[in-house]
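So you can see what is in the structure, the chains are spelled out below.
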Amino acid sequence: MLLSIVVPTFNEAPNIEELVRRVAAAVDGAGIDAEIVFVDDSTDATPDVIGEVADRVAAERAADEASPLPIRLLHREHPTGGLGGAVMAGFAAAASDACLVMDGDLQHPPEEIPALWRRFARGDVDVVIASRYAGGGTAEGLADRTRVLVSKGATALTRAMFPIRLKDVSDPMTGFFLVDRRTVDDAQLKPRGFKILLEILARRPMRVAEVPFDFADRHAGESKASVRQGVHFLTQLTALRFGKMSLFAIIGGLGAIANVAIVWALTHLGVDYIVAAVIAAEVTIVGNFLLQERFVFQDMRENASGVWQRFAKSFAFNNAEAVIRIPIVALMVSGGHVSAVVATAITLVLAFFVRFVFHSLVVYAPRKAGASASPARGFVEELDAQATAPGEL
Ligand code: GDD
Ligand code: MN
């Protein structure tokens, strides 16, 4: 059996040679037949360096009559999904179902590959995780105390949010693991950002084993982790845990608060409540659209129609909704039973559900939707998939 070693790289030129040398020594020492698949999104000379090293290694090994260690390069001109997207692309390109993922900066010591492989070869698990936090593992290579705290805090939060799926996993954020790619549900998986293993584990139940390891210092170059990745991670976690509908609800809730506040402020300034409701509605429609684009449907934008079309659909829907809703608010108010504020709040909650359905199925619908056997059935299935998106325990 062959082991495919998938290495995502972003500007790692000074690390390639050393990485390949140590991976080769590790797999040779353990008698593992392997290939290395670099998935590269670099803007520097990394792809050239990989090409040179691959040629040299191939020539040397042929001369020594050593087992081949094919080194392949998948350079993505138009990278999608960041690190997670790169790993998925590596799975697709790998020659073997047994895919080991490791960083290209030597923070994941190649000398651990045989231990992961041996555990995997026992055949009773879907994924073997190299853990910094299992007995014997360490996280010393994290840049500073802040990174250590952030890493530990994020790990604790993540485990608390997925107590069942992650019960055997001490390090769901590690980027060093060996997985049988057939057990990865790539139809469901929408990789975003840095934490691909978490996505894999949260989507469906996996049989897991861990092997401790020492997270090393970076060999050369700079880390690509950033505050932006951190924020990304938090939205990823929320989306994984609660599904899109909850994120949509949080944003809708914020919009509703803004809406009510604007109505309140304007009516107190003496503006007629219908005029106030119209202004409040338009402001929140635009605000909600921007937040949704960024935080709820970011993974669907790429396959959906263009941004102005999406905005047009969203804007038209919300205005139609407001056109229907405002007379109802007016009726409720003139009926004398409720205040403008309460009537606005009640109708907004009802409108929420309709709005979610419309956005996930129409505004962000894939451009070329595959024809479904029964449109009604396809509709219900798609709605269910969207509303509950992953994460149920
Ligand atoms: N192809 C590709 N595309 N590779 C990327 C990208 C990208 O957009 N961003 C980062 N990488 C590569 C880097 O070149 C490196 O090989 C690896 O992914 C990890 O990135 P680092 O910049 O070294 O980040 P880190 O050390 O902070 O994060 C690592 O440690 C975390 C644990 O603290 C990663 O392994 C994470 O996956 C891991 O969770
Ligand atoms: Mn690193």
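These lines cover the structure that appears in this document, whether it is placed above or below. Since this is a predicted model, take the numbers as computed values, not measurements. (Residues numbered from 1 in each chain as written. Chains lettered and ligands numbered in written order. Predicted model: local features only at pLDDT ≥ 70, side-chain atom pairs only at ≥ 80, totals over all residues. Heavy atoms only, no water.)

## A look at the coordination of the manganese ion (ligand 2)
Which entries qualify depends on this criterion: Counted as coordinating are nitrogen, oxygen and sulfur atoms within 2.8 Å of the metal, or 3.2 Å for Na, K and Ca, while water is not included, which may make sites look incomplete. Whether a residue is buried, partly exposed or exposed follows from its accessible area with a 1.4 Å probe, protein chains only, as a fraction of its type maximum: under 20%, in between, or over 50%, in that order.
Binding of the manganese ion (ligand 2) to the protein goes through Asp105 (OD) and Gln107 (OE1), at separations of 2.0 Å. As far as burial versus exposure is concerned, aspartate 105 and glutamine 107 are alike and both buried.

## A short note on a negative patch on the surface
Selection rule: Note on patches: the residues involved have over 30% relative accessible area and no salt bridge, like charges join within 9 Å, and the nonpolar side chains Val, Leu, Ile, Met, Phe, Trp and Tyr join within 5 Å. Using a 1.4 Å probe, accessible areas were evaluated by the Shrake-Rupley method; residue-level cover was limited to the displayed protein chains. The rule for a salt bridge is simple: a side-chain nitrogen of Lys or Arg has to be within 4 Å of a carboxyl oxygen of Asp or Glu. Under the counting rule used here, the positive set is Lys and Arg, the negative set is Asp and Glu, and His together with the chain ends is not counted. By convention, the charge on Lys lies at NZ, on Arg at CZ, on Asp at CG and on Glu at CD. Runs of H or I in DSSP of at least four residues are treated as helices and runs of E of at least two as strands, each being numbered from the N terminus.
A contiguous patch of negative charge on the surface is contributed by Asp44, Asp48, Glu52 and Asp55. Relative to the assigned elements, aspartate 48 resides in helix H2 (residues 46-64).

## A short note on the site of ligand 1
Rules: In this text, near means that some heavy atom of the residue lies within 4 Å of the molecule or strand in question. Identification of polar contacts relies on pairs of N or O atoms within 3.5 Å, with a donor-acceptor requirement for protein atoms, meaning one able to donate a hydrogen and the other able to accept it, and with residues adjacent in sequence counted only if both atoms are side-chain atoms. Gly is placed with the polar residues, together with every amino acid not listed as nonpolar (Ala, Val, Leu, Ile, Met, Phe, Trp, Tyr, Cys and Pro) or charged (Asp, Glu, Lys and Arg).
Taken together, the neighbourhood of ligand 1 is formed by 27 residues, with Glu12, Asp103, Met173, Lys195 and Lys224 sitting nearest. Contact distances for ligand 1 include 2.7 Å between a nitrogen atom and a side-chain N or O atom of aspartate 41. Protein chains bury 95% of the 740 Å² of accessible surface belonging to ligand 1 in isolation. If you list the elements that add at least two residues to the shell around ligand 1, you get strand S1 (2-9) and helix H3 (82-93). Broken down by element, the shell around ligand 1 gets its largest block of residues, 3 residues, from H3. In terms of residue class, the shell around ligand 1 is made up of 10 nonpolar, 8 polar and 9 charged.

## Re the pattern of salt bridges
Opposite charge on two side chains makes pairing possible when the charged atoms of those side chains draw close. In the structure shown here, the tally under the stated rule is 20 salt bridges. Here arginine 355 makes a salt bridge to glutamate 321, at a shortest N to O gap of 3.1 Å. Here arginine 355, found in helix H10 (residues 340-363), pairs with glutamate 321, found in helix H9 (residues 307-334); they are 34 residues apart in sequence, far enough to count as distant. The pair arginine 355 / glutamate 321 is uniform in exposure class, with both members buried.

## So, the packing of aromatic side chains
Short version of the rule: Two rings from Phe, Tyr or Trp (for Trp, the six-membered ring) form a pair when their centres are within 6.5 Å of each other. A pair whose planes differ by under 30 degrees is stacked, one over 60 is edge-to-face, and the rest are tilted. A ring is scored as having a charge over it whenever the NZ atom of a lysine or the CZ atom of an arginine sits within 6 Å of its centre and within 35 degrees of its normal.
A complete count under the given rule lists 10 aromatic pairs for this structure. Aromatic side chains phenylalanine 317 and phenylalanine 358 sit 4.3 Å apart centroid to centroid with 15° between the ring planes, which places their arrangement in the stacked category. With phenylalanine 317 in helix H9 and phenylalanine 358 in helix H10, this pair connects stretches of sequence that are 41 residues apart. Since its relative accessible area comes to 21%, phenylalanine 358 is described here as partly exposed. Following the ring pairs from residue to residue traces out a cluster consisting of Phe248, Phe297, Phe356 and Tyr364. Geometry around phenylalanine 215 places arginine 132 over its ring, the cationic atom sitting 5.2 Å from the centre. Above the face of the phenylalanine 295 ring, arginine 294 is positioned so that its terminal group lies 4.9 Å from the ring centre.

## Details of unusual backbone geometry
Even without being glycine, glutamate 65 reaches a positive phi, approximately 55°. The phi torsion at leucine 106 lies on the positive side, around 70°, for a residue other than glycine. In this structure, leucine 106 sits in the loop between strand S4 (98-101) and helix H4 (113-121). You can call leucine 106 buried: its relative accessible area is 3%.

Distances and angles like these do not, on their own, reveal function.
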